[in-house]
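Observations on the three-dimensional arrangement
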There are 2 protein chains.
Amino acid sequence: MSEDRTVTVRALLDAVRGEGRTSLTAPEGKVIAEAYGIAVPGEELARDVEEAVAAAARFGGPVVLKIVSPDILHKTEAGGVVVGVEGATDVRNAFRAIVANARAHDPAARIEGVQVQELLPAGQEVIVGAVTDPTFGKVVAFGLGGVLVEVLKDVTFRLAPVTADEALSMLDSIRAAQVLRGVRGQAGVDRWAVAEQIRRVSQLVADFPEIAEVDLNPVIATPEGALAADIRVILAERQPPPRRTYTRDEILGSMRRLMQPRSVAVIGASNEAGKIGNSVMHNLVDGGFAGDIHPVNPKADDILGRKAYASVADVPGEVDVAVFAIPARLVPAALGEVGRRRIPNAVLIPSGFAETGEHALQDEIVAIAERHGVRLLGPNIYGYYSTWHDLCATFCTPYDVKGPVALTSQSGGIGMAILGFARTTRTGVSAIVGLGNKSDLDEDDLLTWFGEDPHTECIAMHLEDLKDGRAFVAAARATVPRKPVVVLKAGRTAAGARAAGSHTGALAGDDKVYDDILRQAGVIRAPGLADMLEYARALPVLPTPRGDNVVIITGAGGSGVLLSDAVTDNGLSLMEIPPDLDEAFRRFIPPFGAAGNPVDITGGEPPSTYEATIRLGMEDPRVHALVLGYWHTIVTPPMVFAELTARVVAEFRERGVEKPVVASLAGDVEVEEACQYLFERGVVAYPYTTERPVAVLGAKYRWARAAGALGGGS
Amino acid sequence: MSEDRTVTVRALLDAVRGEGRTSLTAPEGKVIAEAYGIAVPGEELARDVEEAVAAAARFGGPVVLKIVSPDILHKTEAGGVVVGVEGATDVRNAFRAIVANARAHDPAARIEGVQVQELLPAGQEVIVGAVTDPTFGKVVAFGLGGVLVEVLKDVTFRLAPVTADEALSMLDSIRAAQVLRGVRGQAGVDRWAVAEQIRRVSQLVADFPEIAEVDLNPVIATPEGALAADIRVILAERQPPPRRTYTRDEILGSMRRLMQPRSVAVIGASNEAGKIGNSVMHNLVDGGFAGDIHPVNPKADDILGRKAYASVADVPGEVDVAVFAIPARLVPAALGEVGRRRIPNAVLIPSGFAETGEHALQDEIVAIAERHGVRLLGPNIYGYYSTWHDLCATFCTPYDVKGPVALTSQSGGIGMAILGFARTTRTGVSAIVGLGNKSDLDEDDLLTWFGEDPHTECIAMHLEDLKDGRAFVAAARATVPRKPVVVLKAGRTAAGARAAGSHTGALAGDDKVYDDILRQAGVIRAPGLADMLEYARALPVLPTPRGDNVVIITGAGGSGVLLSDAVTDNGLSLMEIPPDLDEAFRRFIPPFGAAGNPVDITGGEPPSTYEATIRLGMEDPRVHALVLGYWHTIVTPPMVFAELTARVVAEFRERGVEKPVVASLAGDVEVEEACQYLFERGVVAYPYTTERPVAVLGAKYRWARAAGALGGGS
């Protein structure tokens, strides 16, 4: 069956291409729809009255009759269309009337017969389509039909092909999802039938890469089924060239040597202050790298007291990484030597390649690298840090706070922001990597490595584009079950300028496709740079929540209200406190305090009230996460609150009870020190904001859901 | 005419209330619609065939006929409805058929005649309605009709009554606005006709406060007009009691004495450390208040070296403010003395009133205050600061950075966050005021004062509710043309629980009403606490933009992309750079740098390139605002960038050229110092974020638009 349909469609597409067309006719579309089981209205050409009657009888319900003539363009004007005819007599009369009208309209017209078409039922219009995204390849789209949705752009995308479950999930991924479930007492649509239309379209484009776009517009969805009024198929002008790919083992092999090197050569090492080759040498040495550092410079005998080599060919022993600090035009020759020396990684700091218009030079080094099996990082980067190996192969300054976060950036400027933020917040980092022009190594290689790297517990990436969206999604899917992946996708709003030949294409603004597909891959998308940095800092600090029940405990009623807003904004849910737990909280708070959720212990309370209520929240297994609102008072000063909170959390951690705890501290400047104290002890705390702690908790929950870590909530 | 309609509707409503009803019948609704010129389908009761023919002829188009019988509830089942009849013959036949059907259905039914009703045209369904909001009173609502909009809640609100222009603006305030203008080649609807329906409904509820809700659902809007299918009117069960109000002069008079006092009495002043009466005395003294400070305490002779009085009655001279630092139960007696002493302001720090359930005690002090004409601040507050008068009447610590921002908070916790944030960022403040229970003075009083206060250039308010939304809107409208008003409205998402009797009521989630009406009042709504604080700090620093042309100048291409995203996110527009200006920029930047907008000067450039391009942006009168992206390099270190930027901006300021300039600094920790340096010199600069500087610029633009300060853009 599946083979049959492939043969049928292959033959049809070959014929179309043979005629030099990229657009299929309606009958050709129907052939494809039938091959893939995409439900469309039954339709037959009747050459005489009795054929029309027989066809109408086969379809069962009411039909539409349309004149078929190569000489009549405007069928309706010629009286050549009758809608909603049922029963032999009426079909007969309508057939005759149409033919008579057509002859009266143009006596010379060649009449080939009458098209008998199943009448579409009344129902909810939806759109199912597929497009070829420049980043992700074939993607399938779903949305409600009609003018309103066209205006509101309420549409969702998935990588094609989708499974039946994925297709079904698309029905709930639009804002107007409730319409499909039925509103105002109306019955919902046949969800499985709609999902099947989606699944089959996605399979079609996956099977035939030369199909650029498919539109079923509209599909009429009813409680009984889903029928596509029309199928439109457009072929691609040309196919993208295949990309060189590496196996997972190849990637891990070279990445391990890049991130855990024993020997590094610096090509263009220099004794001259101000030169990049001097900064890199200094940083390698000052950063405390314990492996070999080999300067390469034909004009020096030694650099920073280390023997210099005229060529990388002369460097003794096995070298893992060659860091390039020479002008762009000298890179090809040196890279050839690196290749011949079988060094697996070239870190290309120099600029002067594609980013300055020197595409040929970049193509040249990529070709050299591919020839020798050398992986390239860059060019046009600040370098990279691998902190657990005390490696600072950059022209910036060393960074020594070892920790669980790997950060990458496509842009050097953003890389510097990462460094400054990490330093000022004392964020523990496992790696910072610049990707620059991404001539070779890119986000999916890094993700593959960091997914395995035992030092890395969270990966945060700034990117402007993905060279291969499918490879990235595959790497993300492999990583997310174990560690959160945060992505800041820049260039969100520049989208939409792309020309599109179909309705679905017009709806597929780049960013919406990115957004849906990254979410499907379980990636946490950061809305901005500051958010990415905060998520990177905070996510590894928080334990994974085991359920949905969030409880707010606050000393400031005002913070409680704002924290509740933030909980809702971040898609979290305030636990409905069971009566026994409510009663337990009430025992600790003043009679006019509010139990329920938020638990408002009121402002003037001593440390013991904070401690007792936090302890209760940690103790009760039905509570899965705590959001604390602290109010600076003389009775409970900031550091007293910080100390007691950290102590309670640590005590439960020792007992094996770990829950995410975040805190918002409202008070005078002493709260800043208290927040840092808490952060370093596993409580994500911020001063002067009720939004940020909850946003971080929300990000952790998004990851926990994607990773399947959440048990049942209330 | 206007009087006529008032008389008609008054009589009708009185009759309805006389019958003890709160819901109007359909014919009663039609009477009201007719009185207010709300277009509804023509409708007449025909007692015989010829009356039906005559009525149908008067309406012109097709009509609906419906049996009228008190004994037939389900007209359709009884065969008592015929839709779309036109012409005398058909009307005659239909009339007879209906009556015959009805008799067949129930031979005993009393038949009063047949209702002849104009048939609604096909068109776009919209909803027009009005509800009584607990905060804002009568508000009018507009949205698209139909199931989809019910699901998406795409609806907008205004205070009733609206002008014709305001009504028209509502058509553009829904997300699906484009539908009304016509899409896919369809004609748009008659916008004026729709707006008239809105205006008339708003006038109706404004004229008759006892009307709680009105629904026109749906209104059918066509290119030729707008016709309400149905009007539903619900009366209020009861009217809210009138609120005690003060004139603008009365408010300014007492507020002036509160914020610029010459003499302050502290009731409950104490020598005992740890007591609030001791903190308040210390803070008044330490804050440097130059006026008289009179401690009141019957048990002490002197407090902090000042003569103490047994009662406020004994304090000599005119006293402007009495600060209460005594337990709640002692407040009423002391307040009576304050009243008799003709002190205009009582600042009630104590808690133990409505917030702890002691409503009677709060009612008691309000009554005492009203009796004596004393205005109350609080109770349940930290107090207030009036920095330009060196006044710190709080139990917190003095704050001495005088400046242009007045901050208020309903919650004490948020007040402490304000203080800490202001101190750590050295934000210049004119006042910080706690409002607490708002038993009397509230946001509209403060707004009225700060609007006039020459020291205040920006007002930022945290609030959880408004006692009188209309008074607040009036105060905001009076203030916004001169100064920005920022509001953080807490409790955004707790809405929607309110019971509602009408469709419009169900759509009126509290927050949507707040959001639309605050925006209409020109208020800048801060999405969170951190945003409110940043807007408060930054808005007075930025000059007012004079047009829409924003230009990004960046050293980091990566920042340029993120800054562009932020520009779009904040509703700003990147200037299309004219060729001559583009050419001028190109002269300063490397050939591979990108002119256009963002102007990407590239990363390795010296200070002179930053300076030349910033100078160009300041110089060209077509450029209205600058967004700078700085990338930390050895060639242009952070403080060098900060110094040159501040110098260029200052130089143009001296020449009378002021434009808002904001900056995002990407780099190592030295950028933090550079940001503070820039901020203090009029450039709003942030490290490690591309979002925040543009969000602040966006807030300034929102205000400039509301204040009518924007000239023409590109």
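About the criteria used
- Residues numbered from 1 in each chain as written.
- Chains lettered and ligands numbered in written order.
- Predicted model: local features only at pLDDT ≥ 70, side-chain atom pairs only at ≥ 80, totals over all residues.
- Heavy atoms only, no water.
- pLDDT = per-residue confidence, 0-100.
- Contact = heavy atoms within 4.5 Å.
- Buried < 20%, exposed > 50% of the residue type's maximum accessible area, 1.4 Å probe, protein only.
- Helix = DSSP H or I, 4+ residues; strand = E, 2+ residues; numbered from the N terminus.
- Pairing = 2+ DSSP bridges.
- Right-handed = clockwise from strand over helix to strand, strands pointing away.
- Domains from an automatic or database assignment.
- Axes fitted to C-alpha atoms, helices over the stretch in contact; angles between N-to-C directions.

Within an unreviewed UniProt entry, the label attached to chain A reads CoA-binding protein, and the organism entered is Streptomyces mangrovisoli.

Turning next to the confidence of the model for chain A. Residues and elements named next belong to chain A. Looking at chain A, pLDDT values average 92 and 97% of them are 70 or higher. Scored below 50 in pLDDT, residues 495-501 makes 15 contacts in the model with residues more than four places away or belonging to other chains. Under the prediction, the complex receives an ipTM of 0.91, its pTM being 0.92.

Residue and element names in this part refer to chain B. Counting buried positions along strand β25 (residues 549-554) yields six of six residues, so the element is predominantly enclosed. Burial of the side chains of β25 extends over both faces: Asn549, Val551 and Ile553 are buried on one face and Val550, Ile552 and Thr554 on the other. Across two bridges, the pairing between β25 and strand β26 (residues 573-574) is parallel. Within β26, the position partnered with Asn549 by the bridge is Ser573. Of the crossover connections in this fold, the one passing from β25 over helix α19 (residues 557-569) to the parallel β26 is right-handed. Sheet topology note: the β25/strand β28 (residues 625-631) ladder contains five bridges and is parallel. The residue bridging Ile553 from the neighbouring strand is Leu628, located in β28. Direction of pairing for β25 relative to strand β27 (residues 599-600): parallel, over a ladder of two bridges. Pairing of Thr554 across the sheet is with Asp600, part of β27.

A few words on the domain arrangement of chain A. We note that the domain assignment places domain 1 (42-119), domain 2 (124-235), domain 3 (248-539) and domain 4 (549-707) within chain A. Here the C-alpha centroids of domain 1 of chain A and domain 2 of chain A sit 31 Å apart.

Further remarks concern the sheet that holds strand β16 (residues 345-348) of chain B. All names here are of chain B. If you walk across this open sheet you meet the five strands as β12-β11-β15-β16-β17, and the pairing is parallel. Here the strands that pair on one side only, and so sit at the sheet edges, are β12 (292-296) and β17 (375-377). The average undirected angle you get between the axes of adjacent strands in this sheet is 20 degrees. For β16 and β17, the ladder comprises three bridges, and the chain directions are parallel. The residue bridging Ala346 from the neighbouring strand is Leu376, located in β17. The strands that helix α10 (residues 276-286) touches are β11 (263-267), β12 and β15 (321-324); relative to β11, the one it contacts most, it runs at about 160 degrees.

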